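This is what each chain is made of:
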Amino acid sequence: MSAATGGEPGERVGVVGSGTIACGLAACAARHGEVTLWARSDASAERAERSVAKVCAKFADRLPPDRVRITTDLSEGLEDRTFVVEAIAEHMDAKVELFARLRRRLDNGAVLGTTTSSLPVATLAEASGRPERFVGFHVFNPVARMELIELAFPPQADPDTRKRAHALAASLEKRAVEVPDGAGFVVNRLLFPFLFDAVRFAEENGMAPADVDACMTLGAGHPMGPLALLDYVGLDVSMAIGESLGVEVPERLRALVAEGAVGKKAGRGFYTYD
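Residues numbered from 1 in each chain as written. Predicted model: local features only at pLDDT ≥ 70, side-chain atom pairs only at ≥ 80, totals over all residues. Heavy atoms only, no water.

Caption draft 1: Representation of the nonpolar core within the structure. The biggest cluster of nonpolar side chains holds 38 residues, and the ones touching the most others in it are Val15, Leu25, Val35, Leu37, Phe137, Leu151 and Leu172. For this core, the secondary structure elements donating two or more residues are strand 1 (13-16), helix 1 (20-29), strand 2 (35-38), helix 2 (42-58), strand 4 (83-86), strand 6 (134-139), strand 7 (148-152) and helix 6 (159-171). No other element matches the seven residues that helix 1 contributes to this core. When residues no more than four places from it in sequence are discounted, the contact partners of valine 15 are Ala22, Leu25, Ala26, Val35, Thr36, Leu37, Trp38 and Val85. (Core = buried A, V, L, I, M, F, W, Y, C linked by side-chain atoms within 4.5 Å. Buried < 20%, exposed > 50% of the residue type's maximum accessible area, 1.4 Å probe, protein only. Helix = DSSP H or I, 4+ residues; strand = E, 2+ residues; numbered from the N terminus. Contact = heavy atoms within 4.5 Å.)

So, in structure tokens, the structure goes:
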């Protein structure tokens with residue numbers, strides 16, 4: 001087995017995870033070749049199959065979803081992949097445990113990426129056992145529509161890895177920006193203090209979420225208001241990101257999470273959803 005080198009087209013992409021980000025990334029990569037997506041269980045695999053099909057149906061060319069091969073076998077599914085991106089939950093222990101399993105299964109030339117939005121890339125790179133071939137590959141939700149990928153490299157990343165990460169981003173028709181390996185990179189570091197301020201502002205002034213959001217969409221040109229965006233990201237995920245950034249999480253947000261009202265995916269957050 002040999003990996004593509006020098007940023008050449010034809011990376012054989014693998015995605016580890018079965019959530020929204022993982023499925024969106026797999027569907028986008030499948031426009032340029034077969035992708036393997038690993039899911040932890042049969043139930044996760046079934047959900048991933050439906051999610052991938054939904055994303056593929058939104059492309060203008062209606063990409064066949066069978067371009068994404070879904071497997072629950074970590075050893076069989078990823079051993080021939082040349083660029084593997086981990087996209088599981090934002091928990092350091094879970095990622096470290098997964099990297100230990102991947103280390104024994106990937107070709108030595110394969111690049112390993114992570115979609116982490118808040119954990120230190122240098123620490124994850126060390127845990128992977130291949131820091132010279134590691135990259136923070138932070139895509140944004142929904143992956144098919146959002147144009148940015150934040151690339152954060154550990155100090156040991158070699159030139160070939162850097163070149164291939166940029167090339168893969170370009171093949172996905174994304175704009176890659178190299179960012180510092182700091183909590184939240186650029187977008188989340190600047191965004192979440194603003195989002196949390198909006199929560200506190202609404203509470204302190206007794207404003208309805210829709211009115212706060214209308215002010216920011218109509219007056220500031222934001223595509224989505226801050227409270228709707230928190231619901232879209234997930235209030236539980238938003239709380240975890242805020243804690244990792246060292247940003248004070250509003251009590252109202254914590255209370256909603258405690259109630260299980262974690263946003264759009266749960267049918268209720270700052271708004272109620274059908």
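Caption draft 2: Just the pattern of salt bridges, in detail. Going through the model one piece at a time under the given rule, you end up with twelve salt bridges. In this structure, the salt-bridge partner of aspartate 236 is lysine 265, at a minimum N-O distance of 3.0 Å. Pair noted here: aspartate 236 is in helix 10 (residues 235-245) and lysine 265 is in the segment after helix 11 (251-259), with a separation of 29 residues, a long-range link. For aspartate 236, a relative accessible area of 28% gives the class partly exposed. As a salt-bridge pair, glutamate 259 and arginine 268 come within 3.3 Å of each other at their nearest N and O atoms. In this structure glutamate 259 comes out as partly exposed when scored by relative accessible area, which is 45%. Residues participating in the shared-partner salt-bridge network are Glu11, Arg133, Asp160 and Arg164. (Salt bridge = Lys/Arg side-chain N within 4 Å of Asp/Glu carboxyl O.)

Caption draft 3: How the structure looks around the packing of aromatic side chains. Per the stated rule, a full pass over the model turns up four aromatic pairs. Here phenylalanine 192 and phenylalanine 196 contribute two aromatic rings whose centre-to-centre distance is 5.8 Å and whose plane-to-plane angle is 70°, an arrangement assigned as edge-to-face. Of this pair, phenylalanine 192 and phenylalanine 196 both sit in helix 7 (residues 187-205), four residues apart, which is roughly one turn of that helix. By relative accessible area, phenylalanine 196 is classed as buried at 0%. A cation over a ring is seen here: arginine 31 above phenylalanine 59, with NZ or CZ 4.3 Å from the ring centre. (Phe/Tyr/Trp six-rings, centres within 6.5 Å; stacked < 30°, edge-to-face > 60°. Lys NZ or Arg CZ within 6 Å of the ring centre and 35° of its normal.)

Caption draft 4: The sheet that holds strand 3 (residues 68-71), seen in detail. Read across the sheet, eight strands follow the order 3-2-1-4-5-6-7-8 without closing on themselves; strand pairing throughout is mixed. Both edges of this open sheet fall to strand 3 and strand 8 (175-178), since each of them pairs with a single strand only. Each strand of the sheet is rotated relative to its neighbour by a mean of 25°, with strand direction disregarded. Across four bridges, the pairing between strand 6 and strand 7 is antiparallel. Within strand 7, the position partnered with glycine 136 by the bridge is alanine 152. Helix-sheet contacts for helix 6 involve strand 1, strand 4, strand 5 (111-114), strand 6, strand 7 and strand 8, and the interaxial angle to strand 6 is about 20°. (Pairing = 2+ DSSP bridges. Axes fitted to C-alpha atoms, helices over the stretch in contact; angles between N-to-C directions.)

Geometric descriptors of this kind do not, in isolation, establish any biological role.
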